[in-house]
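One letter stands for each residue in the lines below.
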Amino acid sequence: QILLENCFKHNRMSATNPLHISIYTIENEYICVKNNIQPKFTQTIPSGYGLKNIRQRYELLGVIDDPIVISKDEESFEVKLKLI
């Protein structure tokens, strides 16, 4: 849920420029949330609390080996969460 909220928080969307969000799994190891990047016109400084919160939850569960993998390029932003 946090990852989907981040998609809407950090990107703009319209009928002519929709926000595309993909949710899928990779080899039963990760669940992935990927979206196209369309920055809002008025940028807010990212707090990082959402991803930090997720990382802390994994630590509490004892998952320390690559619980979160974040990748970004000019077109998309993707977060992979380890399935436990």
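Everything discussed here concerns the structure shown above.
Here goes a summary of the coordinates provided.

Each value, and the rule that gives it
- Residues numbered from 1 in each chain as written.
- Predicted model: local features only at pLDDT ≥ 70, side-chain atom pairs only at ≥ 80, totals over all residues.
- Heavy atoms only, no water.
- Pairing = 2+ DSSP bridges.
- Helix = DSSP H or I, 4+ residues; strand = E, 2+ residues; numbered from the N terminus.
- Axes fitted to C-alpha atoms, helices over the stretch in contact; angles between N-to-C directions.
- Contact = heavy atoms within 4.5 Å.
- Buried < 20%, exposed > 50% of the residue type's maximum accessible area, 1.4 Å probe, protein only.

## Remarks on the sheet that holds strand β3 (residues 68-72)
Read from one edge to the other, the open sheet built from four strands follows the order β1-β2-β4-β3, with strand pairing classed as antiparallel. The strands lining the two open edges of the sheet, one partner per strand, are β1 (21-26) and β3. Adjacent strand axes in the sheet meet at a mean angle of 15°, parallel and antiparallel pairs treated alike. Sheet topology note: the β1/strand β2 (residues 30-36) ladder contains six bridges and is antiparallel. Paired with Ile26 across the two strands is Tyr30, which belongs to β2. Along the sheet face, helix α2 (residues 49-60) touches β3 and β4 (76-82) and points at about 155° away from the line of β3.

## Looking at the side chain of Asn35
Relative to the helices and strands, Asn35 is located in strand β2. Taking the relative accessible area as the measure of exposure, Asn35 reaches 4% and is therefore buried. Apart from the residues within four sequence positions on either side, Asn35 is in contact with Cys7, Asn11, Leu19, His20, Ile21, Glu75, Ser76 and Phe77.

## Concerning unusual backbone geometry
Here the phi dihedral of Glu27 falls at roughly 45°; this positive angle occurs in a residue that is not glycine. Considering the arrangement of structural elements, one finds Glu27 in the loop between β1 and β2. Residue classification places Glu27 among the exposed positions, given a relative accessible area of 68%.

Limitation: the analysis is restricted to geometry and does not speak to function.
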